[in-house]
Amino acid sequence: MIIAAGLQLLLLMFEVLACDKLYSDRPQMWWSLVFIPLFCISVASIGLCVWALKHGRTFELELFCSVNILQFIFLALRLDNFITWRWVIVFIPVWIVMCVALVGVIYAIILAIILMMSSDMGPEQRRGNVFSAVGYTCVVAPLLVFEILLVNKLDGIQEMLFVAAALPLFVSLFVLMMMSFGARTGNQWWFGIRKEFCPWILGVFPILQEYGNITYKAQSRNGDLEDNSVTERTNKSKCSTTHTKRRGQLVDDLPRTVVPIMSIDLPD
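Here the structure is a predicted model, which means the values were calculated and not measured.

S.K.: I tried to follow the side chain of Asn68 on my own but got confused; where do I start?
M.R.: Secondary-structure assignment places Asn68 in the loop between helix H4 (60-67) and helix H5 (69-79). A distance of 2.8 Å separates a polar side-chain atom of Asn68 from the backbone oxygen of Phe64.

As structure tokens, then:
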């Protein structure tokens, strides 16, 4: 969680510097200085990806930043006019990433077709593979169209509004958002705590558990019914043993009020 917070702070710093550069347009504020937080994120993300692979954590943001480090450098140099390449050449790192993404999409489509014709797979698995292949296609294809339209707009090949060029990007982001709702991988709990929220909050603040005098355990409905039946049986057995051990004695099993001892000093 600390690492993720650090990455978000660096992204916020880049956004603040970019807004200041766009609104003030100060000549002493180079775009290379504005992109320094992104450079730091990209360099740190390389090590974070290795760490996440070893510990089984998700690293989508770190992977995106690490593979685009060369693209960030080209963008900063092109915006500062240190290089005068055409934008189609500046976006060469993006083309390479998109080629890899297209290969992955083609592989997902072929795999879905093979599994659809296979009789060993269940209907749910077939449906899941088809949905994933269609989803990845709907994410990568509009993104590729957006990049082509953007390069044509920046190079002056095609006259169009930036809003029109960004429409495929909106479609890709919408499909990606819809796919994230049904994602099964990754950490499904809040803020990377990797456990149920109620046991975590009771473990962090034991005073809540002492105040309520309860123990919390998240289980299914059937598990709760079984636990309740087991606890009732154990309570009945305990009551029967106490009555047999203390036969002939009047034992009050109800909870009693405990009052602290107070000592009052009287004058001589």
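S.K.: What exactly am I supposed to notice about the side chain of Ser42 here?
M.R.: Its place among the elements puts Ser42 in helix H3 (residues 36-55). Engagement of the side chain of Ser42 in a polar contact is seen with the backbone oxygen of Leu38, the distance being 2.8 Å. Residue contacts for Ser42: discarding those within four places in its chain leaves Cys65, Ser66, Ile69 and Phe72.

S.K.: Mind showing me how you'd approach the confidence of the model for the chain here?
M.R.: Any residue range with low pLDDT should be treated as having predicted coordinates unsuitable for detailed reading. Summing up the model confidence of the chain, the mean pLDDT is 76 and the portion of residues at 70 or higher is 72%. The spread of mean pLDDT over the elements of the chain runs between helix H12 (residues 221-245), the lowest at 50, and helix H6 (residues 87-90), the highest at 92. Predicted confidence is poor over residues 243-252, with pLDDT under 50, and the contacts of this stretch with residues over four places away or in other chains come to 2 contacts.

S.K.: What exactly am I supposed to notice about the nonpolar core here?
M.R.: Across soluble globular proteins, nonpolar side chains have a tendency to be buried as a group. Of all hydrophobic cores here, the largest spans 26 residues; its most connected members are Val34, Phe35, Leu38, Leu75 and Phe91. Listed by contribution, the elements that provide at least two residues to this core are helix H1 (2-24), helix H2 (31-34), H3, H5, H6, helix H7 (92-117) and helix H8 (123-154). For Leu75, the contacting residues outside a window of four places in its chain are Phe35, Trp87, Val90 and Phe91.

S.K.: Where do I start with H3 in this structure?
M.R.: Because the α-helix completes a turn every 3.6 residues, residues three or four places apart line up on one side. The end-to-end C-alpha separation of H3 is 28 Å, in line with the 28 Å expected for 20 residues at 1.5 Å each. The sharpest bend along H3 comes to roughly 30 degrees, located at Ser45. Pro37, Leu38, Ile41, Ser42, Ser45, Leu48, Cys49 and Ala52 are the residues of H3 that are buried. Among the structural elements, H1, H2, H4 and H5 are those in contact with the buried residues of H3. Gly56 sits one or two residues past H3 and shows a positive phi near 70 degrees.

S.K.: Please explain H5 as it appears in this structure.
M.R.: For H5, the complete set of buried residues consists of Gln71, Phe72, Phe74, Leu75, Ala76 and Arg78. On the buried face of H5, the contacting elements are H2, H3, H4, H6 and H7. Note on H5: the residue one or two positions beyond its end, Asn81, has a positive phi of about 65 degrees.

S.K.: Hey, could you run me through a nonpolar patch on the surface in this one?
M.R.: On the surface, a nonpolar cluster with roughly 510 Å² of combined accessible area is contributed by Trp85, Val88, Ile89, Ile92, Ile96 and Val100. Sorting the residues of the nonpolar patch by element identifies H6 and H7 as the ones contributing at least two each. The dominant element in the nonpolar patch, judged by the number of residues it contributes, is H7, at 3 residues. With respect to the helices, strands and loops of the structure, Val100 is situated in helix H7. Since its relative accessible area comes to 58%, Val100 is described here as exposed.

About the criteria used
- Each chain carries its own residue numbering, running from 1 in the written order of its sequence.
- The predicted nature of this model means local features are confined to residues of pLDDT at least 70 and side-chain atom pairs, given and counted, to a pLDDT of 80 or more, with totals for whole chains, interfaces and linings taken over all residues.
- The side-chain figures draw on all heavy atoms in the structure; neither hydrogens nor water molecules are used.
- The numbering of helices and of strands both runs from the N terminus, where a helix is a DSSP run of H or I of at least 4 residues and a strand a run of E of at least 2.
- Two N or O atoms form a polar contact when they lie within 3.5 Å of each other; inside protein one atom must be a possible hydrogen donor and the other a possible acceptor, and for residues adjacent in sequence the pair counts only when both atoms belong to side chains.
- Should any heavy atoms of two residues lie within 4.5 Å, those residues are counted as being in contact.
- Values of pLDDT, ranging from 0 to 100, describe the predictor's confidence in every residue of the model.
- To qualify as a nonpolar core, a set must consist of buried Ala, Val, Leu, Ile, Met, Phe, Trp, Tyr and Cys residues joined through side-chain atoms within 4.5 Å.
- Categorising residues by exposure relies on relative accessible area from a 1.4 Å probe, with only protein chains included: less than 20% of the type maximum marks a residue as buried, more than 50% marks it as exposed, and the intermediate range marks it as partly exposed.
- By this rule, a helix spans an expected 1.5 Å times one less than how many residues it contains.
- Bend, in this description, refers to the angle at a residue between axes fitted to the seven residues ending there and the seven starting there.
- A residue counts toward a patch only above 30% relative accessible area and without a salt bridge, and it is joined to like-charged neighbours within 9 Å or, for Val, Leu, Ile, Met, Phe, Trp and Tyr, to nonpolar neighbours within 5 Å.
- In these tables, accessible area is a Shrake-Rupley quantity obtained with a 1.4 Å probe, and a residue counts as shielded only by the protein chains included in the view.
- Salt bridge, as applied in this entry: a Lys or Arg side-chain nitrogen positioned within 4 Å of an Asp or Glu carboxyl oxygen.

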